Amino acid sequence: TKRTQANLAQALCLTYQGRVHPYFFDCGLANERGAEETQRTRAFLFGSIAFAVAHRLGLDSFFAYENGVTSLNFIRRQDLMNARASRTTHPQTHALMADFLAEVHGGPVKVVNPFWTKTKTDVFTLLDKVNGRDLISSAVSCSKTFQRQPGNATHCGCCFQCVDRRIAAYAAGLQDIDNAGIYSTDIFRKRIETQETRTTALDYVRQAVHFSNTTDDGFVMARLAELSDVTPFVGMEEDAAVETVWTLCHRHGEQVVQGLSAVRTQFDDLRYHLEDGSLLQLMATRAHLADPSKNGGAQKPA
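Residues numbered from 1 in each chain as written. Predicted model: local features only at pLDDT ≥ 70, side-chain atom pairs only at ≥ 80, totals over all residues. Heavy atoms only, no water.

**Examining unusual backbone geometry**
Negative phi values dominate among residues other than glycine, just as trans dominates among peptide bonds.
Inference 1: Positive phi values are uncommon outside glycine, yet Asn 73 reaches one of about 45°.
Inference 2: Looking at the element boundaries, Asn 73 is found in the loop between helix 3 (68-72) and helix 4 (91-105).
Inference 3: Positive phi, close to 60°, is recorded for Asn 131, a residue that is not glycine.
Inference 4: As for its placement among the helices and strands, Asn 131 is situated in the loop between helix 5 (120-129) and helix 6 (160-171). (Helix = DSSP H or I, 4+ residues; strand = E, 2+ residues; numbered from the N terminus.)

As structure tokens, then:
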């Protein structure tokens, strides 16, 4: 992603002259692959670098951007919990990071995520609103950037981040900008070859449908333990924090349903062949409403 980052930084500098000052740091293994590839420690690395730069600029805070649904990363299935569920931009993670950096700094430090109340679709819509749509196809969201994709593809199309991005683009009406050509695999119409990808996609849709259908009281009862890890760290009264999280997740659910409806409108007709095992075919048979314990296969950490 080094070339992508450099190109994006150059574009931002040209668009917002005098406001953007990129700093680049080379961090990583040399000529070998890591034994553990979830990249969870990169949040600590990025936070440490951001703090060091902010400190030299005389600042006591810095931004770490991520949409709220991804940051909260609520459990989608029972084998995706505790250490198997990433919390790199979770409000509690940012609070703990701020506490640690405050010890180094000798004074208060804040780690701020301005997007924690926004969904992925909200972020797409915001980028479009501020005339940033031309940058969308150049930004990389894929969690498997270590894999070389065929042709000009920059995304695997199969990981959680790719599924989330593609559906959010449709929900925001920006699917033509988020060009399908950047994805090496089209899970919408092509057969999903691996159990891991099938599980990822169905879990994503299943959770979104649940968020869309559940009431606020039902949401709180189902997520009580997870909410208790959020509400003390978002700078709100508990009731307001719970309401904000519920509204965020419910809106995400509605947007995913909207995005998938747009996908079906475009592809689910007689002009296009739907392969058995494609996401559209699985949704047509309501596989996302089936008991997840019967999907089979274990899921890798998200």
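**Digging into the packing of aromatic side chains**
Inference 1: Within this structure, the stated rule accounts for eight aromatic pairs.
Inference 2: Where Phe 74 meets Phe 219, the ring centres are 6.0 Å apart and the plane angle is 65°; that geometry is what we call edge-to-face. Taken together, the positions of Phe 74 in the loop between helix 3 and helix 4 and Phe 219 in helix 8 (residues 216-222) put the pair 145 residues apart, joining distant regions of the chain.
Inference 3: We classify Phe 74 as buried; its relative accessible area is 4%.
Inference 4: Here Phe 160 and Tyr 204 contribute two aromatic rings whose centre-to-centre distance is 5.5 Å and whose plane-to-plane angle is 70°, an arrangement assigned as edge-to-face. Of the two residues, Phe 160 sits in helix 6 while Tyr 204 sits in helix 7 (residues 195-213), which places them 44 residues apart along the sequence. As far as the burial class goes, Phe 160 and Tyr 204 line up, both buried.
Inference 5: Through a chain of ring-to-ring contacts, three or more aromatic side chains come together here, namely Phe 74, Phe 211, Phe 219 and Trp 246.
Inference 6: Sitting above the plane of the Tyr 183 ring, Arg 166 keeps its charged end 4.9 Å from the centroid. (Phe/Tyr/Trp six-rings, centres within 6.5 Å; stacked < 30°, edge-to-face > 60°. Buried < 20%, exposed > 50% of the residue type's maximum accessible area, 1.4 Å probe, protein only. Lys NZ or Arg CZ within 6 Å of the ring centre and 35° of its normal.)

**As for the pattern of salt bridges**
Inference 1: As enumerated under the stated definition, the model contains ten salt bridges in all.
Inference 2: One salt bridge in this structure joins Asp 26 and Lys 2, with 3.2 Å as the shortest N-O distance. Highlighted residues: Asp 26 in the loop between helix 1 (2-15) and helix 2 (42-56) and Lys 2 in helix 1, separated in sequence by 24 residues.
Inference 3: A relative accessible area of 68% means that Asp 26 is categorised as exposed.
Inference 4: When the shortest N-O distance is used, the salt bridge between Arg 251 and Asp 122 registers 2.8 Å. Residue Arg 251 is located in helix 10 (residues 238-267), and its partner Asp 122 is located in helix 5; the two are separated by 129 residues in the primary sequence.
Inference 5: Given a relative accessible area of 26%, Arg 251 falls into the partly exposed group.
Inference 6: Put simply, Arg 87, Arg 223 and Glu 226 are held in one network by salt bridges that share partners. (Salt bridge = Lys/Arg side-chain N within 4 Å of Asp/Glu carboxyl O.)

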